[in-house]
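What follows is each chain in one-letter form.
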Amino acid sequence: MIYFDNAATTINKPKEVIEAVSYAMMNFGNANRGLYEQSLKSSNVIYDTRIKLSKFFNSKDYRKVVFTSNSTEALNVAIKGILKKGDHVITTELEHNSVLRPLYEKETEGVEISYLKIDEYGNINYDDLKKLLKDNTKLVVTTHGSNVLGNLLNVKEIGNFCKNNNLIYIVDASQTAGEVEIDMIDMNIDILCFTGHKSLFGPQGTGGLILNREIDIKNMKSGGTGIKTFDKFQPKVFPTYLEAGTLNSHGICGINASIDYINKIGIKKIKEKNEMLTKYFYDKIREIEGIKIYGDFINLNRCPIVSINLLGYDSAKISDYLYEKYEIATRPQGHCAPLVHKSFKTEKQGMVRFSFSYNNNTYEIDTAVNALKNILN
Amino acid sequence: MIESKKVLVITFSMSDDVISMDRFYKSQNIDGKVIHIPSSLTAGCGRAYQVDIKYKDYMKKILKENGIFFEGIYEIKI
């Protein structure tokens, strides 16, 4: 089987990650709930992983690394915990439903939303930020890389705009954590939301948000913390304030190993290979009559994602055919990003998304290209 | 019967800080250990750190110097 659905999740995880999770499952107790060896082992790895993640994304304080079950949960914590009735928020048409749906919920509670529109290449116009700014604008939330088009946003430019206008900047790094270098301090990112199971090569059920400054944020969950047992309300001590319940120490141990794995290879090397694969595929299909490619390929500083359509075929039909006939796994339809599809008028047809990872190679891409040619013939 | 003795107990607001302390002390070869916080003390975290009373002055100095977050230092008999 050829796996080109890495934007959904990466498979064939590194053996180091699998071994780490396995070790944790055999040896870890509940972190923060005792002082016997198994509990302390778990606490040690959680502590270690916070420090590693803080260094990996260059945040100011490892004590503001909050673990969640994925980036969707992280984005919900950030968006719902900060926005209040009467606030205005700026976002983009590139967003995934993990950003849009929390925003729509807040909209029903009196939060106002403005959108940075995308052009025919799926790019936003950064000058529009100024036009959308209002007196009550509280935050900007954007993806770092589109999960449909693969386009990267210039988060540093948006971060600088937010800093200059005293706005909170939340970045959805679901497609970029582990794929693209992220420097929270340099990019002026206030909250980074990430998932562990995509380009970080970690287990599903892991992720988090990293806060880079003091932000007034309300907890979404309350419960057991292992600290301040007799307080009626969730203790306002970070990261515990946003982390009620037993942490997924098994998964976090996997993330710990996955950061080591990426650092060992080097994120630049990973990105270079993925750029090569993306360009290789793009160059092979760009001249094929009947294939429409979406996104900006003038700029190759992007995520390894190529979304296409074949003539007027339903993307679901093409994706099913690719798997049934050629055992090539892709992702059709809407990719949980409704505004992108509205903008490209592909709500009905969808798109067939090919997303690559460090594990893929050009032979696999050749097979996919030949399959597409065969379908069109 | 369990013997009682006077010791130094450092309290914390969260578990990560206890781990940070434990690692630092081990790196300095100081004989200390993580304990459950004695019921006579109150602190955020249910874990605390116990060291020999002889480290009292040294303790205050190095906690600050090494940026280890703690809530309090107590001399108690446990």
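Residues numbered from 1 in each chain as written. Chains lettered and ligands numbered in written order. Predicted model: local features only at pLDDT ≥ 70, side-chain atom pairs only at ≥ 80, totals over all residues. Heavy atoms only, no water.

Topic: the pattern of salt bridges
Going through the model one piece at a time under the given rule, you end up with 27 salt bridges over all chains. For A:Lys117, the salt bridge identified is with A:Glu93, shortest N-O distance 3.6 Å. Placement of the pair is A:Lys117 in the loop between strand S4 (112-116) and helix H5 (128-132) and A:Glu93 in the loop between strand S3 (88-92) and helix H4 (97-108), with a sequence separation of 24 residues. Here A:Lys117 falls in the exposed class, since its relative accessible area comes to 55%. On the basis of relative accessibility, which here comes to 13%, the residue A:Glu93 falls in the buried class. Residue B:Lys56 pairs with B:Glu75 through a salt bridge whose shortest N-O separation is 2.6 Å. Taken together, the residues span a long stretch of sequence, with B:Lys56 in helix H2 (residues 56-65) and B:Glu75 in strand S4 (residues 72-77) at a distance of 19 residues. Sharing partners across several salt bridges, the network here consists of A:Lys279, A:Asp283, A:Arg286 and A:Glu287. (Salt bridge = Lys/Arg side-chain N within 4 Å of Asp/Glu carboxyl O. Helix = DSSP H or I, 4+ residues; strand = E, 2+ residues; numbered from the N terminus. Buried < 20%, exposed > 50% of the residue type's maximum accessible area, 1.4 Å probe, protein only.)

Describing the packing of aromatic side chains
What the rule picks out here adds up to 16 aromatic pairs over all chains. Note on A:Tyr23 and A:Phe28: the rings are 6.0 Å apart at their centroids and 85° apart in plane angle, and the pair reads as edge-to-face. Consider the rings of A:Tyr47 and A:Tyr62, whose centres lie 5.5 Å apart with planes at 90°: the pair is edge-to-face. Of this pair, A:Tyr47 sits in helix H2 (residues 37-56) while A:Tyr62 is found in the loop between H2 and strand S2 (65-68), placing the two residues 15 residues apart along the sequence. There is no split in this pair, since A:Tyr47 and A:Tyr62 are both buried. Here A:Arg63 stacks its cationic end above the ring of B:Phe69, 3.7 Å away from the centre of that ring. When the ring centre of A:Phe238 is taken as origin, the NZ or CZ atom of A:Lys64, which lies over that ring, is 5.6 Å away. (Phe/Tyr/Trp six-rings, centres within 6.5 Å; stacked < 30°, edge-to-face > 60°. Lys NZ or Arg CZ within 6 Å of the ring centre and 35° of its normal.)

A short note on the domain arrangement of chain A
All names here are of chain A. Considered domain by domain, chain A is made up of domain 1 (2-9 + 266-376) and domain 2 (15-265). Here domain 1 and domain 2 have C-alpha centroids that lie 27 Å from each other. The partner domain 2 presents 39 residues to the 34 residues of domain 1 that form the contact. Across the contact surface, domain 1 and domain 2 share 0 salt bridges. At the junction of domain 1 and domain 2, the tally comes to 18 residue pairs in polar contact (both at pLDDT 80 or more). (Domains from an automatic or database assignment. Contact = heavy atoms within 4.5 Å. Polar contact = N/O pair within 3.5 Å; in protein donor to acceptor, adjacent residues only side chain to side chain.)

Focus: the interface of chain B and chain A
Contact with chain B, which involves 17 residues of that partner, is made by 22 residues of chain A. Taking both partners together, chain B and chain A bury about 1600 Å²; carbon and sulfur atoms supply 52% of that area. When residues of chain B are sorted by the area they lose upon contact with chain A, B:Asp16, B:Arg23 and B:Arg47 head the list and together hold 35% of the total. At the junction of chain B with chain A, the criterion picks out 3 salt bridges. (Buried area = accessible area lost by both parts, 1.4 Å probe.)

Focus on the pairing of strand S10 (residues 305-310) of chain A
All names here are of chain A. Counting buried residues in S10 gives 6 out of 6 residues, a clear majority hidden from the surface. In this structure, strand S9 (residues 291-294) lies alongside S10, joined through 4 bridges in antiparallel fashion. Among the inter-strand pairings, Lys-292 is bridged to a residue of S10, identified as Asn-309. Pairing of S10 with strand S12 (residues 352-355), which is carried by 4 bridges, proceeds in the antiparallel orientation. Bridging from a neighbouring strand, Ile-305 pairs with Ser-355 of S12. (Pairing = 2+ DSSP bridges.)

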